[in-house]
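Coordinate analysis (summary)
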Amino acid sequence: MVGGTKNGNPSASLSPQVRIIMGNWRNRVIIGAVIAAVAVVAFAYGRAIFGGPHRADADDPELVALGKAVYASHCAECHGANLEGQPDWRRPLEDGTLPAPPHDASGHTWHHADQLLFDYTKFGGQALAPPTFQSAMPGFEDLLSDREIWAVLSFIKSRWPAHVRARQEQMNPRRG
Ligand code: HEC
């Protein structure tokens, strides 16, 4: 036997091995690609269902920046460009509604948990208040995405001093 081959053709005896190696390699690539594809889909799906913010996060600069823009175009006209609210905001107006309160630390926004602020913004005051109360706070369900609502609340929170943020944080359910 010359060169360890049966028929004297070295490549003929090597090719099955090479083919097996190539085959394994190709299978691995295919399996790898399938796993990667499943992972990508699962990730995207997970983000769609569980993803996006579920709370206001004043430490997320991207969210705060988005919220700042949302605030300027949708909230500032009533709650004030500087979150200062409308003048004499504690006194009801003649039509029985309240002026818009400030969202800075001088108001009572920080007395509420994130979820309530979210619901108030999304569904409006009338949806949450007792029927006898006449709310002038519109709901933004049709105008803003959930992410934009969390963003504007993140922006509002970012304007509170640290101790106010800490107090308000205690009202939120604990995160895992
Ligand atoms: C047309 C005026 C108006 C606009 C615009 C408006 N609000 Fe209000 N908002 C009010 C009034 C008035 C109240 C007082 C409570 C009520 O009447 O229901 C209020 C109350 C609130 C409250 C509950 C009270 C508090 O301080 O916790 C939240 C939260 C709130 N607004 C968030 C927002 C956000 C966020 C935006 C912008 C996306 C916005 N509002 C835009 C008028 C407005």
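Residues numbered from 1 in each chain as written. Predicted model: local features only at pLDDT ≥ 70, side-chain atom pairs only at ≥ 80, totals over all residues.

**Points about the overall build of the protein chain**
Check the secondary structure of the protein chain and you find 7 helices and 0 strands. Put simply, the protein chain runs from its N terminus to its C terminus through helices and strands in the order α-α-α-α-α-α-α. Looking at the protein chain as a whole, 19% of its 176 residues are labelled buried. Summarising the internal contacts of the protein chain: among those between residues at least 6 apart in sequence, 56% fall at separations of at least 24. (Helix = DSSP H or I, 4+ residues; strand = E, 2+ residues; numbered from the N terminus. Buried ≥ 20, exposed ≤ 12 C-beta atoms within 10 Å, placed from the backbone. Contact = placed C-beta atoms within 7 Å.)

**Let's talk about the nonpolar core**
With 19 residues, the main nonpolar core has Trp150, Ala151, Val152, Leu153 and Phe155 as its most contacted residues. Among the secondary structure elements, those contributing two or more residues to this core are α2 (61-74), α4 (114-123) and α6 (146-158). Here this core gets 7 residues from one element, more than from any other, and that element is α6. Contact partners of Phe155, with chain neighbours within four places excluded, come to Val64, Gly67, Lys68 and Tyr71. (Core = buried A, V, L, I, M, F, W, Y, C linked by C-beta atoms within 7 Å.)

**As for the site of the ligand**
Close to the ligand lie 25 residues; Cys75, Cys78, Gly125, Ser135 and Met137 are nearest. Residue assignment for the shell around the ligand shows that the elements contributing at least two residues are α3 (76-79) and α4. For the shell around the ligand, the residue count by class is 13 nonpolar, 11 polar and 1 charged. (Near = placed C-beta within 6 Å. Nonpolar A, V, L, I, M, F, W, Y, C, P; charged D, E, K, R; others polar.)

**What about α6?**
The end-to-end C-alpha separation of α6 is 18 Å, in line with the 18 Å expected for 13 residues at 1.5 Å each. Inspection of α6 places Ile149, Trp150, Ala151, Val152, Leu153, Ser154, Phe155, Ile156 and Lys157 among the buried residues, and these make up the whole buried set. Buried residues belonging to α6 abut α2, α4 and α7 (162-169). (Expected span 1.5 Å × (residues − 1).)

Interpretation in functional terms is not warranted from these geometric data alone.
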